[in-house]
There are 2 protein chains.
Amino acid sequence: MNTEIEYVLPMDIEKRSFEIIESELPHPLDPELAPIIKRVIHTTADFEYADTLYFSPQVREKALAALQKGATIVTDTTMALSGINKPALERHGCRAVSFIGDPAVAEAAKKNGTTRSREAVDRAAELPGPLIFAVGNAPTALLRIRELILEGRLDPALVIGVPVGFVNVVQAKELLIETGVPCIVARGRKGGSNVAAAICNALLYLQGRPGV
Amino acid sequence: MNTEIEYVLPMDIEKRSFEIIESELPHPLDPELAPIIKRVIHTTADFEYADTLYFSPQVREKALAALQKGATIVTDTTMALSGINKPALERHGCRAVSFIGDPAVAEAAKKNGTTRSREAVDRAAELPGPLIFAVGNAPTALLRIRELILEGRLDPALVIGVPVGFVNVVQAKELLIETGVPCIVARGRKGGSNVAAAICNALLYLQGRPGV
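Fair warning: this is a prediction, and the values are worked out from it, not measured in the lab.

Caption draft 1: How the structure looks around the sheet that holds strand 4 (residues 131-135) of chain A. All names here are of chain A. With respect to topology, 6 strands assemble into an open sheet ordered 1-6-5-4-2-3, the strand pairing being mixed. The two strands at the open ends of the sheet, each matched to only one other strand, are strand 1 (53-55) and strand 3 (95-97). If you compare each strand with its neighbour and ignore which way they point, the axes differ by 15 degrees on average. In terms of strand pairing, strand 2 (residues 72-75) meets strand 3 through 3 bridges, oriented parallel.

Caption draft 2: Fine view of the side chain of B:Lys173. All names here are of chain B. The topology assignment puts Lys-173 in helix 10 (residues 169-179). Here Lys-173 is buried and forms no salt bridge, its nearest opposite-charge partner Glu-174 lying at an N-O distance of 8.1 Å. Within the structure, the side chain of Lys-173 is placed 2.8 Å from the backbone oxygen of Pro-163, a separation counted as a polar contact. When sequence neighbours within four positions are dropped, the list of residues in contact with Lys-173 reads Leu-142, Gly-161, Val-162, Pro-163, Val-185, Ala-186, Arg-187, Gly-188, Arg-189 and Lys-190.

Caption draft 3: Quick look at the interface of chain B and chain A. Chain B puts 42 residues into the contact, and the matching count from chain A is 42 residues. Approximately 3400 Å² of surface area, both sides summed, lies buried where chain B meets chain A, with 68% of it carried by carbon and sulfur atoms. Broken down residue by residue, the surface that chain B buries against chain A is led by B:Met79, B:Phe166 and B:Val167, which jointly contribute 21%. Run the count over chain B and chain A and you get 4 salt bridges. Applying the counting rule to chain B against chain A returns 9 residue pairs in polar contact (both at pLDDT 80 or more). If you list the elements that add at least two residues to the side of chain B that touches chain A, you get helix 1 (13-24), helix 2 (34-44), helix 5 (78-83), helix 10 and helix 11 (193-206) of chain B. Residue composition of the side of chain B that touches chain A, grouped by class: 19 nonpolar, 14 polar and 9 charged.

Caption draft 4: Main features of the pattern of salt bridges. Taken as a whole and judged by the stated rule, the model has 32 salt bridges over all chains. The partner of B:Glu19 in a salt bridge is B:Arg16, with the nearest N and O atoms 3.5 Å apart. With a gap of 3 residues between them, B:Glu19 and B:Arg16 both fall in helix 1, about one helical turn apart. A salt bridge links B:Arg123 to B:Glu126; the shortest N-O distance between them is 3.6 Å. Its relative accessible area of 31% is what places B:Arg123 among the partly exposed residues. On the basis of relative accessible area, B:Glu126 is assigned to the exposed category, the value being 60%. A cluster of three or more residues bridged by salt bridges with shared partners is formed by A:Asp46, A:Glu48, A:Lys190, B:Asp46, B:Glu48 and B:Lys190.

Caption draft 5: Expanded view of the packing of aromatic side chains. Using the criterion set out here, one finds 2 aromatic pairs over all chains in the structure. Ring centres of A:Phe166 and B:Phe47 lie 6.1 Å apart, and the angle between their planes is 80 degrees; this geometry places the pair in the edge-to-face category. You can see A:Phe166 sitting in the loop between strand 5 (158-161) and helix 10 (169-179) and its partner B:Phe47 sitting in the loop between helix 2 and helix 3 (49-52), one on each of two chains. For the pair formed by A:Phe166 and B:Phe47, the shared burial category is buried.

Caption draft 6: Structural context of helix 2 (residues 34-44) of chain A. Burial of helix 2 of chain A is extensive: 11 of the 11 residues sit out of reach of the surface. Among the residues trailing helix 2 of chain A, A:Ala45 stands out with phi positive, at a value near 55 degrees.

Caption draft 7: The arrangement of the packing of helix 1 of chain B against helix 2 of chain B in detail. Residue and element names in this part refer to chain B. The interhelical angle for the contact between helix 1 and helix 2, taken along N-to-C directions, is 105 degrees, at an axis separation of 10 Å. With respect to helix 2, the element helix 1 is oriented roughly perpendicular. Judged by residue contacts, Glu-14, Ser-17, Phe-18, Ile-21 and Glu-22 of helix 1 engage Lys-38, Arg-39, Ile-41 and His-42 from helix 2. Considering only residue class, the contact of helix 1 with helix 2 consists of 3 nonpolar, 2 polar and 4 charged.

Caption draft 8: Region of the structure containing the side chain of A:Thr72. Residue and element names in this part refer to chain A. Assignment of secondary structure puts Thr-72 in strand 2. By relative accessible area, which is 5% here, Thr-72 ends up buried. Only 3.0 Å separates the side chain of Thr-72 from the side chain of Arg-95, close enough to count as a polar contact. In contact with Thr-72, other than residues within four places in its own chain, are Arg-95, Val-97, Leu-127, Pro-130, Leu-131 and Ile-132.

Caption draft 9: Looking closely at the nonpolar core. Ranked by internal contacts, the top residues of the largest apolar core, which has 104 residues, are A:Ile199, A:Leu203, B:Ile199 and B:Leu203. For B:Leu203, the residues in contact, after removing those within four places along its chain, are B:Ile36, B:Ala63, B:Leu64, B:Leu67, B:Leu158, B:Ile160 and B:Ile184.

Caption draft 10: Region of the structure containing empty space enclosed by the protein. Evaluation of the coordinates by the stated rule reveals 3 cavities of 30 Å³ or more. What the largest cavity holds in volume is close to 110 Å³. In terms of lining residues, the largest cavity is bounded by 13 residues, among which A:Thr44, A:Asp46, B:Thr44, B:Asp46 and B:Tyr49 are the most central. Taken together, the residues that form the lining of the largest cavity break down as 3 nonpolar, 6 polar and 4 charged.

Cut-offs and rules
- Residues numbered from 1 in each chain as written.
- Chains lettered and ligands numbered in written order.
- Predicted model: local features only at pLDDT ≥ 70, side-chain atom pairs only at ≥ 80, totals over all residues.
- Heavy atoms only, no water.
- Pairing = 2+ DSSP bridges.
- Helix = DSSP H or I, 4+ residues; strand = E, 2+ residues; numbered from the N terminus.
- Axes fitted to C-alpha atoms, helices over the stretch in contact; angles between N-to-C directions.
- Buried < 20%, exposed > 50% of the residue type's maximum accessible area, 1.4 Å probe, protein only.
- Lys, Arg positive; Asp, Glu negative; His and termini not counted.
- Salt bridge = Lys/Arg side-chain N within 4 Å of Asp/Glu carboxyl O.
- Polar contact = N/O pair within 3.5 Å; in protein donor to acceptor, adjacent residues only side chain to side chain.
- Contact = heavy atoms within 4.5 Å.
- Buried area = accessible area lost by both parts, 1.4 Å probe.
- Nonpolar A, V, L, I, M, F, W, Y, C, P; charged D, E, K, R; others polar.
- Phe/Tyr/Trp six-rings, centres within 6.5 Å; stacked < 30°, edge-to-face > 60°.
- Parallel < 35°, antiparallel > 145°, perpendicular 65-115°, else oblique.
- Core = buried A, V, L, I, M, F, W, Y, C linked by side-chain atoms within 4.5 Å.
- 1 Å grid on protein atoms, 1.4 Å probe; cavity = no way out; pocket = protein on both sides within 12 Å on 5 of 7 lines; lining within 4 Å.
- Points joined across faces, edges and corners; volume = space filled by probe spheres on them.

So yeah, pure geometry; function would need other evidence.
Encoded structure:
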């Protein structure tokens, strides 16, 4: 086993990582979407995402337009929230929130016999737009977003649908895609709060740098 | 593509997920370690961890003993910190901290021409034990922990070494294993803050339930 440490300046580690990712990609990527896909691979060291990430038509432009309008990113977990680059958010006049830990949400879930993830979506749906949902954990959040879209009660600028798991995760992602909402989805079981945050960050790093 | 939603009560989703994981494991697991491995698979939907997780001898007993003594878990990112189950921590009289956002750490990194990850380890090394390090992001944190161990300046109860990445990640993990410190390591490139938090949670859920 090779245990020789490669000498790379801390500031160059990300650059070197992306070079390695580029050199090991299973196939060429759409140049418009490559920075997003490569950042997810950077976060997971999992090249499967080169094949499983789904992007709805023109989603990059739509996402960047929402960020340029000072979007609010709503995450389903505090973990995804904490993974979003706050200085980058602030530079773009955007903000990120999560209602999962909100006592009123827990109260509503108890009262309505539902889940906190579902109630947190309802709470977020009241916010002024543009809204970007970043779901890395709860398929129930994704299903609730879909319901509100179908009922005409929610019109998100973007849904990042990347929950991880074994129960209703694959289905919730496919049902979201079928709505036609602008979305980025990790098809299959894989995903996670880290993936949700990575996609948010990739979009933030793109904004204002359309050629990157 | 199947989009039929399986009806599972929210409280039963985790149980059902673990049943699916159990049924799809590539091979039987050591029963003592299975709850940890299965929780990592639950967090990532990645069965590779059934083969890549390394456990040092008696690490489960050592980790549980540290938790029973009210260990402090030190994470390298706020994301790993936010993924640790706080009620479970509190139930066991343990706590979790991260120094990565500490202004004094940023100051020291600037002054010493090092990294915040490294300085955060030095800061944590001053804490009273037992100490559990949970590293999901920074190989430099792992390398610094190793240095302090080899210099006799740090004696962690456990190191969870699961950084993800492409530069010095594989090497840092192998070098940690070589020290002989009690450790749980995701060999290879994969890992992450989510994996670090999942291992912490798996240990917390085991404590006081040795037969699980």
